Amino acid sequence: MKVDIADIPAHGLQLNITKDGDELQAIAGAVDFTMLPPVSANLSLSKTDGEVLIDGNMAAVIKQQCARCLKQFEQVINSKIDIVYTIEPEHIKKEKELTNEDLSSNYLEGSEIDINAVLFEQLSLDIPMQPVCKPDCKGLCPKCGADLNQRKCSCPATEQIDQRFAKLKELKLNKK
Ligand SMILES: [Zn+2]
Ligand SMILES: [Zn+2]
C-alpha cells in the first residue's frame, strides 16, 4: 500500500489498516518470525512544507521461536509509530548523490510513502532479538536436550560447572 504525498490533504490523512500479514511478510523476506493475521494499524499522516509526519500505532501477532526452549510461541507486539520524512528538494538531491553519508536519514525518495515498509520497519525494531516464551522459561538442558519446563532431567549440571572451576584453579596454581 502506497500513499502519494500529493494525496495528503492539508488537514491530514487518517488510515485505519487491517492486513492479513502476508503483504508485510513479503517485504520481510527471510526473517525468523511469522506475522499472523490480523496486523492492524491506525496512522495519521500530515505534511508541512518540507516534511511528512506519520504517527500512530500498530499491533501484530508474531510467531517466533523461544531463544531458550526453542518452542514456537505467539505474542502480540504493540508498536508506536512516529516518523518524520524530509521531502528533499530536487537541487539538494543532485548534490547529495556525491555523498553517501545521509543515506540513513529519512529522506523521502520520490513522492510516495510505502506504508507496508513503514509498518514492517517499525515492527522489526520492536520484535525482541532474544524472544522468550515466558519470562521464567527454563530452557533446554544443554546436555540431554530435555525441556526443563516440563521435567527436570538428571544431568549433573552443577558438577559440570564445578569441574570447570577446578580446572581454572589448576591453571592459576601452575602459573605460580
Ligand atoms: Zn521458552
Ligand atoms: Zn539433561
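That block above? That's the structure.
Because the structure is predicted, anything quoted here is derived from the model rather than measured.

Q: Would you mind going over the overall build of the chain with me for this structure?
A: Helix and strand counts for the chain stand at four helices and seven strands. Listed by position from the N terminus, the elements making up the chain come as β-β-α-β-β-β-α-β-β-α-α. Looking at the chain alone, contacts between residues at least 24 apart form 57% of all its contacts between residues at least 6 apart. Counting only carbon and sulfur atoms, one obtains 52% of the accessible surface of the chain, whose full area is about 12,000 Å².

Q: Looking at this structure, how should I read helix α3 (residues 115-126)?
A: Think of an α-helix as 3.6 residues a turn; residues three or four steps apart then line up on the same face. Relative to the 16 Å expected for 12 residues at 1.5 Å per residue, α3 spans 17 Å between its end C-alpha atoms, a close match to the ideal helical length. Every buried residue of α3 is accounted for by Ile115, Asn116, Val118, Leu119, Phe120, Gln122 and Leu123. N-capping of α3 is provided by Asp114, with a side-chain oxygen placed 3.1 Å from the backbone N of Asn116.

Q: Is there a simple way to think about the coordination of the zinc ion (ligand 2) in this case?
A: Under perfect tetrahedral coordination by four donors, a metal shows angles of 109.5 degrees; under perfect octahedral coordination by six donors, it shows angles of 90 or 180 degrees. Looking at the zinc ion (ligand 2), the protein donor atoms are Cys141 (SG), Cys144 (SG), Cys153 (SG) and Cys155 (SG), and they sit 2.3 Å from it. Because the angles between the four donor atoms bound to the zinc ion (ligand 2) fall within 104 to 114°, the donor set is best described as tetrahedral. Residue Cys155 is classed as partly exposed on the basis of its relative accessible area, which comes to 22%.

Q: Where do I start with the sheet that holds strand β6 (residues 107-108) in this structure?
A: Pairing between the strands of a sheet is mediated by backbone hydrogen bonds and can be parallel or antiparallel. Taken in spatial order, the five strands of this open sheet run β2-β3-β4-β5-β6, and their pairing is mixed. Pairing within the sheet leaves two strands with one partner each, and these edge strands are β2 (13-19) and β6. Here 12 bridges tie strand β3 (residues 33-47) to strand β4 (residues 51-65), and the two strands are oriented antiparallel to one another. Bridge pairing links Ala41 to Met58 in β4.

Q: Explanation requested: the coordination of the zinc ion (ligand 1) in the structure shown.
A: Within the protein, the atoms that donate to the zinc ion (ligand 1) are Cys66 (SG), Cys69 (SG), Cys133 (SG) and Cys137 (SG), at distances of 2.3 to 2.4 Å. Around the zinc ion (ligand 1), the four donor atoms sit at angles spanning 105 to 113°, and that spread fits a shape best called tetrahedral. In terms of primary sequence, the donors binding the zinc ion (ligand 1) are separated according to C-x2-C-x63-C-x3-C. Owing to a relative accessible area of 5%, Cys137 belongs among the buried residues under this scheme.

Q: When you look at the packing of aromatic side chains in this model, what are you seeing that I'm missing?
A: Aromatic rings considered in pairs are described by the distance between their centres and by the relative angle of their planes. Going through the model one piece at a time under the given rule, you end up with one aromatic pair. Here the aromatic rings of Phe33 and Phe120 are separated by 6.4 Å at their centres, their planes lie at 25°, and the arrangement is stacked. Here Phe33 is found in strand β3, whereas its partner Phe120 is found in helix α3, with 87 residues between them in sequence.

Q: What am I meant to see in the environment of Ile87 here?
A: Topologically, Ile87 is positioned in strand β5 (residues 72-87). Taking relative accessible area as the criterion, Ile87 reaches 24% and is therefore assigned partly exposed. In this structure, the C-alpha to C-alpha distance between Ile87 and Glu109, residues 22 residues apart in sequence, is 7.9 Å. Among all residues touching Ile87, those that are not within four sequence positions of it are Ile5, Thr48, Asp49, Gly50, Glu51, Val52 and Leu108.

Q: What is the right way to look at the side chain of Ser79 in this model?
A: Relative to the helices and strands, Ser79 resides in strand β5. Separated by 2.6 Å, the side chains of Ser79 and Asp126 make a polar contact. When residues no more than four places from it in sequence are discounted, the contact partners of Ser79 are Gly56, Asn57, Met58, Gln122, Leu123 and Asp126.

Q: Would you mind going over the pairing of β4 with me for this structure?
A: Linking β3 back to β4 in an antiparallel pair, the connection comprises three residues. Pairing geometry for β4 and β5, over 15 bridges, is antiparallel. Paired with Ile62 across the bridge in β5 is Gln75. From the end of β4 to the start of β5, which pair antiparallel, there are six residues, and Leu70 there has a positive phi angle of about 65°.

So, how was this worked out
- Residues numbered from 1 in each chain as written.
- Chains lettered and ligands numbered in written order.
- Predicted model: local features only at pLDDT ≥ 70, side-chain atom pairs only at ≥ 80, totals over all residues.
- Heavy atoms only, no water.
- Helix = DSSP H or I, 4+ residues; strand = E, 2+ residues; numbered from the N terminus.
- Contact = heavy atoms within 4.5 Å.
- Areas by Shrake-Rupley, 256 points an atom, 1.4 Å probe, with all protein chains shown as cover.
- Expected span 1.5 Å × (residues − 1).
- Buried < 20%, exposed > 50% of the residue type's maximum accessible area, 1.4 Å probe, protein only.
- Polar contact = N/O pair within 3.5 Å; in protein donor to acceptor, adjacent residues only side chain to side chain.
- Donors = N, O, S within 2.8 Å, 3.2 Å for Na, K, Ca; no water.
- Tetrahedral: all angles 85-135°; square planar, octahedral: opposite > 155°, others 65-115°.
- Pairing = 2+ DSSP bridges.
- Phe/Tyr/Trp six-rings, centres within 6.5 Å; stacked < 30°, edge-to-face > 60°.

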